[in-house]
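Inside the fold
The primary structure of each chain is shown beneath.
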Amino acid sequence: MSIILTEEQSMFREMVAKYLADNCSLETRQKTIASGSVWRPKVWRDFAELGILGAGFPEELGGFGGGTIEHMIVMEQLGGALALEPYLETAVIGGGFLRHADKALASELCNGISSGDARIAFAYAEPRGRYNLAAIETKARSQGGDFILDGHKAVVIGASCATHLIVTARTSGYDRDQDGISVFLAPIDLPGLRRRDYSMVDGHGASDLYFDQVRVPQAALIGPLDQGFPIVQQVVDSAIAAICAEAVGVMRRLLDDTVAYTKQRKQFGQPIANFQVLKHRMVDMLINVEEAISMTHMATLALAKSGAERSRAVSAAKVHVGKACRFVGQNAVQLHGAIGTTDELAVSHYFKRATVLENMFGSVDHHLTRFASIMSAASLPKEIA
Amino acid sequence: MSLDDVAQDGTFRAEVRRFLDEKFDPELRAMAARQGGLFAEPELVNRWWKILYDKGWITPAWPVEYGGTGWTPSQHRIFLVECAEAGTPILPGLGTKLCGPAIMRFGTPEQKEYFLPRLRSGEHTWCQGYSEPGAGSDLASLQTRAIRDGDDYIVNGSKIWTTNAHHANWIFLLVRTSTEGKPQTGISFLVAPLNLPGITVKPIKSMSGEHELNQVFFDNVRIPVANLIGRENDGWTVAKAVLEDERGAVSQSQRLEAAVLQTRNVSLYETADDGGSLAEDSAFKLKLAELQIDVMAIQWTDNRMAAESGISPSVAQALPNMQKLRASETRQRLNELRVEALGVYGAVDQRKGLGIEASEPPIGPDYGLTAMVEYLESRARTIFAGASEIQRNIIARAALGL
């Protein structure tokens, strides 16, 4: 079993690849970042017009009927182009939550996403929560038909260019309980919400958010009250599969650049690619990339499955891809030599993105532990894959 | 993949399980549980071979016209996984997996008609004469000479690391028929019965205590020219095709799955330092989890290879090498962890408890009997069929143009 793209999906991939190659050079990316911005509004509008933003949405939400495979295609290409734009947050995560939202609200916002007018950021992490999605101290209490949010959300990627936030908050229970978690959708400019914007090491924008008696209406609740956690897990699993695909795009470029560089760089009177120790290192990088692709396929297909089976596959993929990000990224820099440590070549920028992806939504240790505990909770299934 | 396929697979799996329940009887199971070598002992091999042959499942991967089953890739996988989990004897596949396909591809109609049925029935059992004392990783430097004399070649030289030569009755071998040009161009591929005058087989004992390997000497051995497979001096082409098949055959990712289960089962019975189950020991648990994930990555790469999904042509060429490399290294780590799991009994010499004719019961728990011998045996996995370092050279050239 494996993913084989339909003719339509292959054409879609070619289209995305061509657009990115023609319009999203590393140079324009670095200029954008240097100017203090965290995204390119024109690129986003083009994404909307080309149908990229709606590609992974079901038709009833105003999309084109695609799903996880379309997300995989787009994310891998975005990785290859080192794009900054918040597709993950908006289409994958936002789209994932909106399936569970109030129908009218969902349909309106999905139209906004597809047209490029709405962008979403996902506020889940907290300063003391590490990678535990249930470690939520942010509180939402019910008051006169509304909810009042208080708390501090950490490292919210894309908040500074978002129009809407999806926020996890505790409506009952205690810290790290999986019960008592609810999910809310709110516009970004609510009174009482303070934002501290900053940059991630890879140039993406992020913010810490401080909620001080922020009032949202009843309709802002996504999914059932107190029982939002399974939705959070499901959406985060789909986000992990998507960033695995992005990592594949990033790592392919790191490998390609390294192979090309070592073929042209001469030392001791010959291309350094002639040296066996370098060849073998690049083979190990290749194996990491190929297995990352395999694991991305596995995780993407597993998104259709339920609970533990899905999470087990997704965590396995994240472990393998996380390790690959580190190995391929660090060795790409190493094999470039001194120039690899500067910001003059693409390699250091891709390396920094790989470093961020490695730990995004959980480090290797986090997912290895999660995988192992799913394995011991269930008796070992007949087939491991 | 449609739902129908899934249902069909379920039916097929049930059929395989029924077959194994019925034919892999307690006596055979008990014999198989005491096997420590790369291949099972001849008595067990012969019995299991006949059962598979009678069922029509001895060469499932062969083309149907030659006696294959025509299974889907997923059915092949199910068969292998079920066999691995039941612990069926490991049969030497040198004839059916390596020599047979080479004869199908390069043999004459007469050769096919003569050899293929005998390969399948087990009448001919095979060994592989490739390496020589002076030609290991650098296989093309081989020196065993074959000089044409009428309708025969006269062969002189020796082959080494010849697995199974002491149980086989036929050998396929690479010989030098010309010293002109590049080393690769003067090689020919011959097959010969091992009872020809002038052939002697000498045992080489492995560090595990098993006898798997041999050196085979050729002293003025007359091999008929009719036994040449492919063209004279074009044996390198045949040899490479066999090597590719061999890499596929030794990867055996399905056996990796079984090795994970085996290691996990040991850990369920073993006690950790704190008195709990070793399976719940935090350090052990994570090590096993990591290996399990490696096995998943190897299997999903197999899946991608079978479906030709998202693989560039240059990478496709190198994938069997990649899989051989990864499967052999992962298998070693699993065997290593199983020994580790056994704690104080891990390093006991169990030789007297191994084999059909075992003279003593296992020392320590039954499930620890084969762990060390398999660990020692598995050190060869990253050496035979092209050492890991050679695999990396090949992958660098084929996939990266290095």
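Residues numbered from 1 in each chain as written. Chains lettered and ligands numbered in written order. Predicted model: local features only at pLDDT ≥ 70, side-chain atom pairs only at ≥ 80, totals over all residues. Heavy atoms only, no water.

When helices and strands are counted, chain B shows twelve helices and eight strands. Within chain B, buried positions represent 52% of all 402 residues. The long-range share in chain B, meaning contacts at least 24 apart out of those at least 6 apart in sequence, stands at 72%. (Helix = DSSP H or I, 4+ residues; strand = E, 2+ residues; numbered from the N terminus. Buried < 20%, exposed > 50% of the residue type's maximum accessible area, 1.4 Å probe, protein only. Contact = heavy atoms within 4.5 Å.)

This part takes up the overall build of chain A. Helix and strand counts for chain A stand at eleven helices and ten strands. Rg of the C-alpha trace for chain A: 21 Å, near the compact-globule value of 21 Å for 385 residues, within the 12% margin. Oriented by its inertia axes, the alpha-carbon framework of chain A measures out at about 80 × 50 × 40 Å. For chain A, long-range pairs separated by at least 24 residues make up 73% of all intrachain contacts whose partners lie at least 6 apart in sequence. Surface exposure of chain A reaches about 15300 Å², of which carbon and sulfur atoms provide 51%. One way to put it: in chain A the 38 positive side-chain charges average out to a point 6 Å from where the 42 negative ones average out. (Rg over C-alpha atoms; globule rule 2.2 N^0.38 Å. Areas by Shrake-Rupley, 256 points an atom, 1.4 Å probe, with all protein chains shown as cover. Lys, Arg positive; Asp, Glu negative; His and termini not counted. Charge placed at Lys NZ, Arg CZ, Asp CG, Glu CD.)

Right, let's talk about the interface of chain B and chain A for a bit. The interface of chain B with chain A comprises 40 residues on the first partner and 41 residues on the second. Together, the buried faces of chain B and chain A total about 4000 Å²; carbon and sulfur atoms form 66% of this surface. Our enumeration of links across chain B and chain A arrives at four salt bridges. Between Asp284(A) and Arg392(B) there is a salt bridge; the shortest N-O distance is 2.9 Å. (Buried area = accessible area lost by both parts, 1.4 Å probe. Salt bridge = Lys/Arg side-chain N within 4 Å of Asp/Glu carboxyl O.)

Geometry of a packed helix pair, given as the angle between the helix axes and the separation of the axes. At a minimum axis separation of 9 Å, helix α8 (residues 276-302) of chain A and helix α12 (residues 388-400) of chain B run at an interaxial angle of 75°. Classified by the interaxial angle, the pair formed by α8(A) and α12(B) is roughly perpendicular. Of α12(B), the residues touching α8(A) (which contributes Gln276(A), Lys279(A), His280(A), Met282(A), Val283(A), Asp284(A) and Leu286(A)) are Glu389(B), Arg392(B), Asn393(B), Ile395(B), Ala396(B), Ala399(B) and Leu400(B). Of the residues assigned to the contact of α8(A) with α12(B), the class counts are seven nonpolar, three polar and four charged. (Axes fitted to C-alpha atoms, helices over the stretch in contact; angles between N-to-C directions. Parallel < 35°, antiparallel > 145°, perpendicular 65-115°, else oblique. Nonpolar A, V, L, I, M, F, W, Y, C, P; charged D, E, K, R; others polar.)

Take the nonpolar core next. Counting residues in each nonpolar core, the largest one holds 128 residues, and the members touching the most others are Leu88(A), Phe97(A) and Phe361(A). In terms of residue count, helix α7 (residues 229-264) of chain A provides more of this core than any other element does, 19 residues in total. With residues up to four places along the chain from it excluded, the contact list for Leu88(A) reads Met75(A), Ile93(A), Ala239(A), Ala242(A), Ile243(A), Met360(A) and Phe361(A). Core analysis: the next-biggest nonpolar cluster, separate from the first, contains 28 residues, Trp170(B), Phe172(B), Phe189(B) and Ala239(B) among them. (Core = buried A, V, L, I, M, F, W, Y, C linked by side-chain atoms within 4.5 Å.)

Looking now at helix α5 (residues 87-98) of chain A. By the criterion of burial, α5(A) is predominantly enclosed, with twelve of the twelve residues buried. Of the positions making up α5(A), those classed as buried are Tyr87(A), Leu88(A), Glu89(A), Thr90(A), Ala91(A), Val92(A), Ile93(A), Gly94(A), Gly95(A), Gly96(A), Phe97(A) and Leu98(A).

Moving on: the state of the cysteines. Counting across every chain of the model gives zero disulfides over all chains. Among the cysteines around Cys24(A), which has no disulfide bond, Cys161(A) carries the closest sulfur, lying 14 Å off. (Disulfide = S-S within 2.5 Å.)

Residue and element names in this part refer to chain B. Residue position: Ser188 is located in strand β5 (residues 187-193). Ser188 sits in the buried class, given a relative accessible area of 0%. Remark: the alpha-carbon pair of Ser188 and Leu91, spanning 97 residues in sequence, is separated by 27 Å. Among all residues touching Ser188, those that are not within four sequence positions of it are Leu173, Leu174, Val175, Thr177, Leu228, Arg231, Glu232, Asn233 and Gly235.

Residues and elements named next belong to chain A. Across the 14 residues that make up helix α10 (residues 346-359), a large majority, ten, are buried. Here α10 has its buried residues at Ala346, Val347, Ser348, His349, Tyr350, Arg353, Ala354, Val356, Leu357 and Glu358. Those residues of α10 hidden inside the fold are in contact with α2 (26-34), α4 (68-81), α7 and α9 (307-336). With its phi angle positive at about 55°, Phe361 sits one or two positions after the end of α10.

Residue and element names in this part refer to chain B. At a minimum axis distance of 8 Å, the contact between helix α4 (residues 73-86) and helix α8 (residues 253-269) shows a crossing angle of 35°. In this structure, α4 meets α8 at a crossing whose hand is right-handed. Touching Arg77, Leu80, Val81, Ala84 and Glu85 of α4 are Gln254, Arg255, Glu257, Ala258 and Leu261, all from α8. Residue composition of the contact of α4 with α8, grouped by class: five nonpolar, one polar and four charged. (Left-handed = near helix turned anticlockwise from the far one by under 90°.)

So, on to a nonpolar patch on the surface. Residues and elements named next belong to chain B. Residues Val344, Tyr345 and Ile363 make up a contiguous nonpolar surface patch of about 300 Å² in total accessible area. As for its placement among the helices and strands, Tyr345 is situated in the loop between α10 (313-341) and α11 (371-378). Here Tyr345 falls in the partly exposed class, since its relative accessible area comes to 37%. (Patch = residues over 30% accessible without salt bridge, like charges linked within 9 Å, V, L, I, M, F, W, Y side chains within 5 Å.)

So, about the environment of Ala32(B). Residue and element names in this part refer to chain B. With respect to the helices and strands, Ala32 occurs in helix α2 (residues 26-33). Given the relative accessible area of 12%, Ala32 is considered buried. The spacing of Ala32 and Ile90 is 58 residues in sequence and 8.7 Å in space, taken between C-alpha atoms. Beyond its immediate stretch of four places on either side in the chain, Ala32 contacts Phe24, Leu44, Gly87 and Pro89.

This prediction gives chain A a mean pLDDT of 94; 98% of its residues lie at or above 70. A low-confidence stretch, residues 380-385 of chain A stays under pLDDT 50, and its non-local contacts, those more than four residues away or across chains, total 21 contacts. (pLDDT = per-residue confidence, 0-100.)

Our focus in this paragraph is the side chain of Thr177(B). All names here are of chain B. By secondary structure assignment, the location of Thr177 is in the loop between β4 (170-176) and β5. For Thr177, a relative accessible area of 14% puts it in the buried group. At a separation of 2.6 Å, a polar atom in the side chain of Thr177 contacts the side chain of Ser188. (Polar contact = N/O pair within 3.5 Å; in protein donor to acceptor, adjacent residues only side chain to side chain.)

Let us look at the pairing of strand β4 (residues 164-170) of chain A. All names here are of chain A. Counting buried positions over the seven residues of β4 gives seven, a clear majority of the element. Residues His164, Ile166, Thr168 and Arg170 line one face of β4 and the alternating positions Leu165, Val167 and Ala169 line the opposite face, and both faces are buried. The sheet contact formed by strand β1 (residues 120-123) and β4 spans four bridges and is parallel. The residue bridging Phe122 from the neighbouring strand is Ile166, located in β4. Where β4 meets strand β5 (residues 181-187), seven bridges bridge the pair, whose relative direction is antiparallel. When the sheet's bridge partners are listed, Thr168 is paired in β5 with Val183. (Pairing = 2+ DSSP bridges.)

For the coordinates displayed, the defined rule picks out 42 salt bridges over all chains. Lys285(B) is paired through a salt bridge with Glu280(B); the nearest N and O atoms lie 3.4 Å apart. Here Glu340(B) ties to Lys287(B) by a salt bridge, and the two come within 2.5 Å at their closest N and O atoms. Pair noted here: Glu340(B) is in helix α10 and Lys287(B) is in helix α9 (residues 282-307), with a separation of 53 residues, a long-range link. On the basis of relative accessibility, which here comes to 37%, the residue Lys287(B) falls in the partly exposed class. What emerges from the salt-bridge pattern is a single network uniting Glu291(A), Asp294(B), Arg326(B) and Arg333(B).

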